Amino acid sequence: MPDIVITEFMDEDAIANVLAGHDVLYDPKLVDQPERLAAALTDARALVVRNRTQVRPALLDQAPKLKVVGRLGVGLDNIDMAACAARNIIVRPATGANDLAVAEYVITAALMLLRRSWFASARVAAGEWPRTDLMGREAAGKRLGLVGYGAIARLTAQKARALGFSVAAYDPHLPEKHPAWVQVERQSLETMLATADVVSLHVPLTPSTTNIIDTAALARMKKDAILINAARGGVVDEAALCSALKAGALGGAALDVFATEPVTAVSGAIFKDVPNLILTPHIAGVTDESNARVSEVTARAVLEELGA
């Protein structure tokens, strides 16, 4: 039976190079095959997951020898930390390894939605020439508002300033005198929502952040503002967002994360025919480069905890 079980996609070079010589079961289909996963975990000392594998007590009960959970990413919503701690199982996220990928995604989405012209390919190919319809806006002089001001948000702020954005942030957990506030205006959530041209979310899913962007929050935003969520599904009220976009009460939105993942034909029906909306499948933090970094960091962390 395998010593290390990997249930979701991982850079295969990291597996071959870092985990060479170890008994590894790598099968990205395991996340959707609970019976096979349970059988594989019987003797496993390490489990490596992304965001879909639910590391809950029921799964931990199937892995009596488990010592470490490696997380290919940073979010821990899918891992019951208390249950792991109770069993003396160490959880090792790949902190920092995909920050750049997420920051670049946010900037790219902001530029696309401000400029608007990137949605015109089919119209131009059909012989239309809608230049005046597609006159968008520049980034320079706009204000980026960050909900949450951790490492990824700070890197996003740095890149946004280089494009001419001014930056404000809301983070009640970051002390007022923290040096990260240099060049970034510290604001209340209400003020930031009302003044930002682009709002990007950088918070975990907790009881206090669930639907933090709801009907009331959307109503505070500028009519032409852009909303980007590459943080966690559930922090945006998706129905309220779709209603605001359909009503022309918001300039655009990009969602990389969703309340239900993966999105199905049923759960995704709410997004049908919603204008100025970009949807991506939880891919903001995954590039060729970040996947290699995250995979290597996680593989080495797992071996460290196994004493290998």
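For the structure itself, consult the block above.
Here the structure is a predicted model, which is why all the values come from computation and not from measurement. The residue numbers shown here count from 1 along each chain, following its written sequence. With the structure being a predicted model, the display of local features is reserved for residues of pLDDT at least 70 and the display and counting of side-chain atom pairs for 80 or more, all residues being used for whole-chain, interface and lining totals. Excluding hydrogens and water, the side-chain figures rest on all heavy atoms present in the structure.

Any two strands with at least two DSSP bridges between them are considered paired. To qualify as a helix, a DSSP run of H or I must reach at least 4 residues; to qualify as a strand, a run of E must reach at least 2; elements of each kind are numbered from the N terminus. Here five strands make up an open sheet; going across it, the order is β2-β1-β3-β4-β5 and the pairing parallel. Unpaired on one side and paired on the other, β2 (24–26) and β5 (90–93) mark the two borders of the sheet. Direction aside, the axes of adjacent strands within the sheet are offset by 15° on average. Bridge analysis of strand β1 (residues 4–6) against strand β3 (residues 46–49) gives three bridges, and the strand direction is parallel. The residue bridging Ile 6 from the neighbouring strand is Val 48, located in β3. Of the strands in this sheet, β1, β3, β4 (68–71) and β5 are in contact with helix α11 (residues 288–306), which crosses β4 at around 170°. What counts as an axis is a line fitted to C-alpha atoms, over the stretch in contact for a helix, and the angles between N-to-C directions run from 0 to 180 degrees. Contacts are residue-level and defined by heavy atoms, with any inter-residue pair within 4.5 Å sufficient.

Glancing now at the environment of Ile 4. Within the secondary structure, Ile 4 sits in strand β1. Taking relative accessible area as the criterion, Ile 4 reaches 0% and is therefore assigned buried. Separated by 18 residues in sequence, Ile 4 and His 22 have C-alpha atoms that sit 7.7 Å apart. Leaving out residues up to four positions away in the same chain, Ile 4 has contacts with Leu 19, His 22, Asp 23, Val 24, Leu 25, Ala 46, Val 48, Val 302, Leu 303 and Leu 306. Accessibility here uses a 1.4 Å probe with only protein chains present; expressed as a share of the type maximum, an area under 20% marks a residue as buried, one over 50% as exposed, and anything in between as partly exposed.

Our focus in this paragraph is the pairing of strand β7 (residues 166–170). Residues in a regular strand project their side chains so that they alternate between the two faces of the sheet. Across five bridges, the pairing between strand β6 (residues 143–147) and β7 is parallel. Bridge assignment links Arg 143 to a residue of β7, and that residue is Ser 166. A crossover counts as right-handed when, viewed with the strands pointing away from the observer, the path leading from the first strand over the helix to the second turns clockwise. Taking the sense of rotation as the criterion, the β-α-β connection linking β6, helix α7 (residues 151–162) and β7 turns out right-handed. Inspection of the sheet shows β7 paired to strand β8 (residues 185–186) by two bridges, in the parallel sense. Along β8, the bridge assignment pairs Ala 168 with Glu 185.

As for its position among the elements, Glu 176 is in the loop between β7 and β8. Along the chain, Glu 176 and Arg 186 lie ten residues apart, while their C-alpha atoms are 7.8 Å from each other. Excluding anything up to four places from it in sequence, Glu 176 contacts Trp 181 and Arg 186.

Moving on, we come to the environment of Leu 47. Residue position: Leu 47 is located in strand β3. Assessed through its relative accessible area of 0%, Leu 47 is described here as buried. A C-alpha to C-alpha distance of 9.6 Å links Leu 47 and Val 91, two positions 44 residues apart in sequence. The contacts of Leu 47, once residues within four sequence positions are left out, are Val 5, Thr 7, Leu 41, Val 55, Leu 59, Leu 66, Val 68, Val 69 and Gly 70.

Here the focus is the layout of surface pockets. Think of a 1 Å grid over just the protein atoms. A cavity is a set of points where a 1.4 Å probe fits yet cannot get out, a pocket is an open set with protein on both sides within 12 Å along at least five of seven lines, and lining residues have an atom within 4 Å of a point. Grid points are joined across faces, edges and corners, and a volume is the space filled by probe spheres set on the points. If you add up the space inside the second largest pocket, you get close to 290 Å³. Around the second largest pocket, the lining is made up of 17 residues, and of these Asn 51, Asp 77, Arg 232, Phe 258 and Glu 261 lie nearest the centre. In terms of residue class, the lining of the second largest pocket is built from four nonpolar, seven polar and six charged. For this classification, the nonpolar set comprises Ala, Val, Leu, Ile, Met, Phe, Trp, Tyr, Cys and Pro, the charged set comprises Asp, Glu, Lys and Arg, and every other residue, Gly included, is treated as polar.

Right, let's talk about the pairing of strand β9 (residues 198–201) for a bit. Judged by which residues are buried, β9 turns out to be covered on both faces: Val 198 and Ser 200 on one side and Val 199 and Leu 201 on the other are all buried. Bridging between β6 and β9 involves four bridges; their strand directions are parallel. Its bridge partner being in β9, Val 147 is matched across the sheet by Leu 201. In this structure, β9 lies alongside strand β10 (residues 226–229), joined through four bridges in parallel fashion. Bridge pairing in β10 places Ser 200 opposite Ile 228. Tracing the backbone out of β9, into helix α9 (residues 215–220) and back to the parallel element β10 gives a crossover that is right-handed.

Two numbers describe how helix α5 (residues 99–115) lies on α7: the axes approach to 9 Å, and their chain directions differ by 50°. By the criterion of interaxial angle, the relationship of α5 to α7 is oblique. The two elements α5 and α7 cross, and the hand of that crossing is right-handed. Along the contact surface, α5 presents Asp 99, Leu 100, Val 102, Ala 103, Val 106 and Ile 107, while α7 presents Ala 151, Ile 152, Leu 155, Thr 156, Lys 159 and Ala 160. Here the contact of α5 with α7 is built from residues that sort into nine nonpolar, one polar and two charged. Reported orientations rely on four angle classes, namely roughly parallel under 35 degrees, roughly antiparallel over 145, roughly perpendicular from 65 to 115, and oblique for the rest. Take the far helix as the reference: if the near one is turned anticlockwise from it by less than a right angle, the crossing is left-handed, and if turned clockwise, right-handed.

On to the side chain of Arg 143, then. Summarising the element assignment, Arg 143 is placed in strand β6. Judged by relative accessible area, which is 18%, Arg 143 ranks as buried. As used in this structure description, the phrase polar contact means that two N or O atoms lie within 3.5 Å; if the pair is within protein, one of them must be able to donate a hydrogen and the other to accept it, and residues adjacent in sequence are counted only when both atoms belong to side chains. Reaching out from Arg 143, the side chain makes a polar contact with the side chain of Glu 185 at a distance of 2.9 Å. Not counting chain neighbours up to four residues away, the residues in contact with Arg 143 comprise Phe 165, Ser 166, Ala 168, Glu 185, Gln 187, Thr 195, Ala 196, Asp 197 and Val 198.

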